[in-house]
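Observations on the model geometry
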Amino acid sequence: MSSLLTDELKELLQGGLAIPANPTALTRDLKLDERRQRALSRYYLDAGSGGLAIGVHTSQFEIREVGLYQPVLELGKEEMDSFFNKSGKPVFRIAGVLGNTAQAVQEAKIASDLGYHAVLLGLAALKGKSNRELVEHCRAVAEIIPVIGFYLQTSVGGAVLDTEFWREFSKIENVVAIKMAPFNRYNTLDVVRGVVESGRGKDIALYTGNDDNIVADLLTEYQIPTAAGVIKKRIVGGLLGHWAVWNKKAVELFERIKNAPPSEALELLSVGIGITDANAAFFDSRNGFKGSIAGIHEVLIRQGLLEGNYTIDPKERLSPGQKEEIDRVYAMYPELNDDGFVSENLDKWLR
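No experiment lies behind these values; they were computed from the predicted model shown. (Residues numbered from 1 in each chain as written. Predicted model: local features only at pLDDT ≥ 70, side-chain atom pairs only at ≥ 80, totals over all residues. Heavy atoms only, no water.)

Some details on helix 3 (residues 69-87)
Compared with an ideal rise of 1.5 Å per residue, which puts 19 residues at 27 Å, helix 3 spans 27 Å between its outermost C-alpha atoms and is within 8% of the ideal. Among all positions in helix 3, only Y69, V72, L73, L75, G76, E79, M80 and F83 are buried. Relative to the axis of helix 3, the buried residues are bounded by an arc of 160° and lie together on one face. Buried residues belonging to helix 3 abut helix 2 (34-46), strand 2 (51-54), strand 3 (92-97) and helix 4 (101-113). (Helix = DSSP H or I, 4+ residues; strand = E, 2+ residues; numbered from the N terminus. Expected span 1.5 Å × (residues − 1). Buried < 20%, exposed > 50% of the residue type's maximum accessible area, 1.4 Å probe, protein only. Arc of directions from axis to C-beta. Contact = heavy atoms within 4.5 Å.)

As for empty space enclosed by the protein
Per the counting criterion, the structure on display carries 2 cavities of 30 Å³ or more. Approximately 200 Å³ is the volume attributed to the largest cavity. Counting residues per element, the ones that place at least two in the lining of the largest cavity are strand 5 (147-152), strand 6 (175-181) and helix 11 (292-303). A total of 3 residues in the lining of the largest cavity trace back to one element, the largest contributor, which is helix 11. Tallied by class, residues from the lining of the largest cavity come to 12 nonpolar, 6 polar and 2 charged. Approximately 30 Å³ is the volume found for the second largest cavity. Surrounding the second largest cavity, T24, A25, L26, D33, R36, H297, L306, E307, G308 and Y310 form its lining. Here the residues of the lining of the second largest cavity are counted per class, giving 4 nonpolar, 3 polar and 3 charged. (1 Å grid on protein atoms, 1.4 Å probe; cavity = no way out; pocket = protein on both sides within 12 Å on 5 of 7 lines; lining within 4 Å. Points joined across faces, edges and corners; volume = space filled by probe spheres on them. Nonpolar A, V, L, I, M, F, W, Y, C, P; charged D, E, K, R; others polar.)

Examining the layout of surface pockets
Estimated volume of the largest pocket: approximately 530 Å³. Residue lining of the largest pocket: 35 residues in total, with H57, F61, V156, G157 and E316 positioned closest to the centre. Listing elements by their share of the lining of the largest pocket, those giving two or more residues are strand 3, strand 5 and helix 11. When the residues that make up the lining of the largest pocket are grouped by side-chain class, the tally is 15 nonpolar, 13 polar and 7 charged. If you go around the second largest pocket, you meet 20 residues; those closest to its centre are K249, L253, V271, I275 and L336.

A closer look at the pairing of strand 7 (residues 205-208)
Here strand 7 shows two buried faces, one formed by A205 and Y207 and the other by L206 and T208. Regarding topology, helix 7 (residues 185-197) serves as the crossover connection from strand 6 to the parallel strand 7, and that connection is right-handed. Here strand 7 runs beside strand 9 (residues 229-240); their pairing, made up of 3 bridges, is parallel. Paired with T208 across the two strands is G238, which belongs to strand 9. (Right-handed = clockwise from strand over helix to strand, strands pointing away. Pairing = 2+ DSSP bridges.)

A few points about unusual backbone geometry
Its identity as a non-glycine residue notwithstanding, Q60 has a phi of 80°, on the positive side. Take Q60: its relative accessible area is 1%, and that puts it in the buried class. Positive phi values are uncommon outside glycine, yet F289 reaches one of about 65°.

Description of the packing of aromatic side chains
Both the distance between ring centres and the angle between the ring planes are used here to describe each pair of aromatic rings. If you walk through the whole model with that rule in mind, you get 12 aromatic pairs. Ring centres of Y151 and W166 lie 5.6 Å apart, and the angle between their planes is 40°; this geometry places the pair in the tilted category. In this pair, Y151 sits in strand 5 while W166 sits in helix 6 (residues 163-170), placing the two residues 15 residues apart along the sequence. Using a relative accessible area of 1% as the deciding quantity, one classes Y151 as buried. The buried category is assigned to W166, whose relative accessible area is 1%. Taken together through their ring pairs, the aromatic side chains of Y43, Y44, F341 and W349 make up a single cluster. Across the ring face of F341, the terminal group of K248 is positioned such that the distance to the ring centre comes to 5.2 Å. (Phe/Tyr/Trp six-rings, centres within 6.5 Å; stacked < 30°, edge-to-face > 60°. Lys NZ or Arg CZ within 6 Å of the ring centre and 35° of its normal.)

Side note on the pattern of salt bridges
Counted by the stated rule, this structure contains 23 salt bridges. The salt bridge involving R38 is made with E78; its shortest N-O contact spans 2.5 Å. Of the two residues, R38 is situated in helix 2 and E78 in helix 3; the sequence distance between them amounts to 40 residues. Its relative accessible area of 37% is what places E78 among the partly exposed residues. One salt bridge in this structure joins D81 and R93, with 2.6 Å as the shortest N-O distance. With D81 in helix 3 and R93 in strand 3, this residue pair connects regions lying 12 residues apart in the sequence. Looking at D81, the relative accessible area reads 23%, which means it is partly exposed. Here the salt bridges do not stand alone but share partners, grouping E34, R38, R42, E78 and E79 into one network. (Salt bridge = Lys/Arg side-chain N within 4 Å of Asp/Glu carboxyl O.)

Quick look at the structure:
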């Protein structure tokens, strides 16, 4: 079991962090673009992100098929080490893990050996398995490294996971957090109920991955009735593909939400509608999220962080009309982009 998750890091996770899902920078011939990969991590860290999630959906799951999973994690580790050595600011390190139990255990070992603090455990490969089988799979990974549960939306391959699963999952000792990304309020409530009913409501940090509902999730206090009385639970942070772009402004908004008095809630919810509109363009919601990775890439290309939309899966392309939608949200919500911050620092990050 990993001992790298110190009390200080646990407190940071529990207190709430802004964590972007780090894309993978590739060259035209689909090799790892090391310079731009480093630049992406430097961007997020300099923007104030409290952690990085690498090897996750936004990173392209297919990096495993072409031998890039470990190299991408290694580059991320080097940049997080460098940032910590310069700033003294700890960074929460998360590696994506997926596949059947053998694959997931192997990836967890790689992440642990590289000094990652936890893994984001995807369960899409185990669709159709019983809750008991799923929990045993999660327990096997948790024996190696702390685990963050992952509720992935069904439209991009996730399975429906009920309250009973989340209740039993939360009883695994080395579970430290859950990223909720079903893009569905009913399913999100299932997770919150499961955590509270497990008796570990104080121990497990909840993070939104609902890119369509970011601000509302971060403002909401759940009040769950139990035999012991009403238990209050909040979503403390975000682990989001949406935060892979316009990250500086996202971090600033996150800090504002954390410190906002109740009187600001309505104004913040209005800001959240603009963010949801922007996410619809980036994630291609109108076409079943087919262009989600390409949409993230498009913004990073415009900012100069990526060279082109180079993806392992050739089907990962902008949908018809998606570029125009990104143009629209750029024009409608200029206060949400961080192009100026990126422009000021890009040369430094690309060195």
